[in-house]
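Structural overview
These are the residues of each chain, in order.
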Amino acid sequence: MSFISIMRIWLATLLLYVATGFVFPIFPIYMSYRGLTPFQIGLVASIATLSSILPIALISRFSDMMDREKVQCIIGIGLALLVPLYICLNSLISFIIAHSAYMVLAYSYMTLSGAIAMDYIKTSRGSEFGKFRTSGAVGWVLGTFFSGWVVEEAGFSMVFAISSFFFCVSAFLFYLRGLRGRMSDPGIKAPSSLYIDAFKEVISNDAVYPLLLAVFTASLTTPAYYTFLPLYMTKELKASKFLSSLAFTITPFAEIPAMIYLGALSDKIGRRKVIAVCLMAYPLRYLLTVLVGNPVLVIIVQLLHGLTFGGLYVVSVAHLSDSVPEDMKGIVLGLYTIFMSLGSFIGNYLMGFIVNGFGFTLMYFIAAILSSLSIPILATLSRRGNSMSFN
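The following refers to the structure shown. From a predicted model like this one, the values you see are computed outputs, not experimental measurements.

Helix and strand counts for the protein stand at 19 helices and zero strands. Each of the three principal axes of the protein carries a C-alpha extent, and together these read 60 × 50 × 40 Å. Expressed as a percentage of the 391 residues in the protein, the buried residues total 54%. Considering only intrachain contacts with a sequence separation of at least 6, the fraction spanning at least 24 residues in the protein is 84%. With an accessible surface of roughly 16500 Å², the protein has 72% of that area assigned to carbon and sulfur atoms. Put simply, the protein has 25 plus and 17 minus side-chain charges, and the middle of one group is 3 Å from the middle of the other.

This part takes up the nonpolar core. If you look at the biggest cluster of nonpolar residues, it comprises 108 residues, and the most contacted ones within it are Tyr-86, Tyr-102 and Phe-129. Here the element with the most residues in this core is helix α5 (residues 92-120); it accounts for 14 residues. If we skip the residues at most four places from it in the chain, Tyr-86 touches Phe-27, Tyr-30, Phe-95, Ala-98, His-99, Tyr-102 and Phe-160.

Residues other than glycine predominantly adopt negative phi, and peptide bonds predominantly adopt the trans conformation. If you check the backbone angles, Lys-238 has positive phi at about 60° while not being a glycine. Its place among the elements puts Lys-238 in the loop between α11 (229-236) and α12 (241-249).

Moving on, we come to the packing of helix α13 (residues 251-269) against helix α16 (residues 305-323). Relative orientation of the contacting elements α13 and α16 amounts to 40°, with a least axis distance of 8 Å. On the basis of their axis angle, the class for α13 and α16 is oblique. Crossing handedness for the pair α13 and α16: right-handed. Two secondary-structure elements touch here, α13 through Thr-251, Ala-254, Glu-255, Ala-258, Met-259, Leu-262, Gly-263 and Ser-266 and α16 through His-305, Gly-306, Leu-307, Phe-309, Gly-310, Gly-311, Val-314 and Val-315. The residue inventory of the contact of α13 with α16, partitioned by class, reads eight nonpolar, seven polar and one charged.

This part takes up the side chain of Thr-49. Relative to the assigned elements, Thr-49 resides in helix α3 (residues 38-65). Relative accessible area serves as the criterion here: at 13%, Thr-49 is assigned to the buried category. Among all residues touching Thr-49, those that are not within four sequence positions of it are Met-103, Ser-341 and Phe-345.

Below, the discussion takes up the pattern of salt bridges. Per the counting criterion, the structure on display carries nine salt bridges. Its salt-bridge partner being Arg-68, residue Asp-119 comes within 2.8 Å of it at the nearest N-O pair. Of this pair, Asp-119 sits in helix α5 while Arg-68 sits in helix α4 (residues 68-82), and the two are 51 residues apart along the sequence. Exposure class is identical for Asp-119 and Arg-68. Each is buried. For Asp-322, the salt bridge goes to Arg-125, with nearest N and O atoms at 3.2 Å. Taken as a pair, Asp-322 in helix α16 and Arg-125 in helix α6 (residues 125-154) lie far apart in primary sequence, 197 residues in all. Judged by relative accessible area, Arg-125 falls into the buried class, the value being 5%.

Another aspect to go through is α5. In a regular helix each residue adds 1.5 Å, so 29 residues correspond to 42 Å; α5 covers 42 Å between its end C-alpha atoms and thus fits that length. Counted residue by residue, α5 has 24 buried out of 29 residues, so it is predominantly covered.

On to the packing of aromatic side chains. All chains considered together, the criterion is met by 27 aromatic pairs. Ring plane angle 35° and centroid distance 6.2 Å describe the contact between Phe-22 and Phe-166, whose orientation is recorded as tilted. Of this pair, Phe-22 sits in helix α1 (residues 3-23) while Phe-166 sits in helix α7 (residues 156-175); the two residues are 144 residues apart in sequence, bridging distant segments of the chain. When the ring of Tyr-109 is compared with that of Phe-174, the centres are 5.8 Å apart and the planes differ by 70°; the resulting orientation is edge-to-face. Remark: Phe-174 occurs in helix α7 and Tyr-109 occurs in helix α5; sequence separation between them is 65 residues. Classification of Phe-174 by relative accessible area gives buried; the value is 0%. Pairwise contacts between aromatic rings join Phe-27, Tyr-30, Tyr-33, Tyr-86, Phe-95, Tyr-102, Phe-156 and Phe-160 into one cluster.

Conventions used here
Residues numbered from 1 in each chain as written. Predicted model: local features only at pLDDT ≥ 70, side-chain atom pairs only at ≥ 80, totals over all residues. Heavy atoms only, no water. Helix = DSSP H or I, 4+ residues; strand = E, 2+ residues; numbered from the N terminus. Buried < 20%, exposed > 50% of the residue type's maximum accessible area, 1.4 Å probe, protein only. Contact = heavy atoms within 4.5 Å. Areas by Shrake-Rupley, 256 points an atom, 1.4 Å probe, with all protein chains shown as cover. Lys, Arg positive; Asp, Glu negative; His and termini not counted. Charge placed at Lys NZ, Arg CZ, Asp CG, Glu CD. Core = buried A, V, L, I, M, F, W, Y, C linked by side-chain atoms within 4.5 Å. Axes fitted to C-alpha atoms, helices over the stretch in contact; angles between N-to-C directions. Parallel < 35°, antiparallel > 145°, perpendicular 65-115°, else oblique. Left-handed = near helix turned anticlockwise from the far one by under 90°. Nonpolar A, V, L, I, M, F, W, Y, C, P; charged D, E, K, R; others polar. Salt bridge = Lys/Arg side-chain N within 4 Å of Asp/Glu carboxyl O. Expected span 1.5 Å × (residues − 1). Phe/Tyr/Trp six-rings, centres within 6.5 Å; stacked < 30°, edge-to-face > 60°.

Shown next as structure tokens:
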């Protein structure tokens, strides 16, 4: 892969995460501003997550049969047109429709950025993808850092306009040099077979489904961080809102070195061993979060996000890309996104139920126990398949 190609897709991916980072923390605030109750905001997010599952799989597979970067460009333009429309929304139904469309396009856009990178990266995939994926961490930090300041100084309309602009530039960069010759022969199979057969082949792959099930199990517990950590810190540990926000600000600083180092390490010692280490970090992170008893130490513990997200994502993508034919990278990475999202969706209700009934401490202990199950799931199913031994 040439230096120009590396920089083009690296910058395009950075800008897509700047664009999503600009609006991600603003969405619930804006929905509340437009009159939605907390229950309705949660309902919008839940419906949007569920409704995105099938379209992400279809779009990911469609990109396998077409020029992937042109598909990516179309999705980016769609996001650029959709985001400014939020300023016109004022009812529950309108938010459900718009946010569902946003989730489909945004998750697909993020997923295909990884598939595009793997179209170019043919050797040392762990190391090279780790370097590439730092673009997302940098873009996310920039977007989320400036979004709150912009909305306070210039209002919601400006936030949506800036996000739309970055989506446009990102889409243009993806379009600059699309890969050629990706269109499959439509006469080989009926269109439906292209999807159904590909799905069956990927989901039954002995090197794929153990990882997907393990990631799904671990993702059941991720709301313990994304959703409930700020509440735990402010209510149980009496931390300030500023300190609780630092638990999120600090994580990209762990992600970037973890992505680079663990990706390169997986090229040397094997993907499976590194994935297992990353999964082991889940229960360790939850146990330390609840045991240290000090807000500052809790923030430091969240540096394990470098393993539970950064390292796990990079090495998993490299492993999945190695495990399927070149024309199925889109759908396998789409399934990875779907299994993570579905696990988190269920986990929000499960972790919320535990917090409401038994408190934060028990929730974190149960999250530790539940997430630890991902390791035997991965190991047991891998031994059955023979194609994914720990080496």
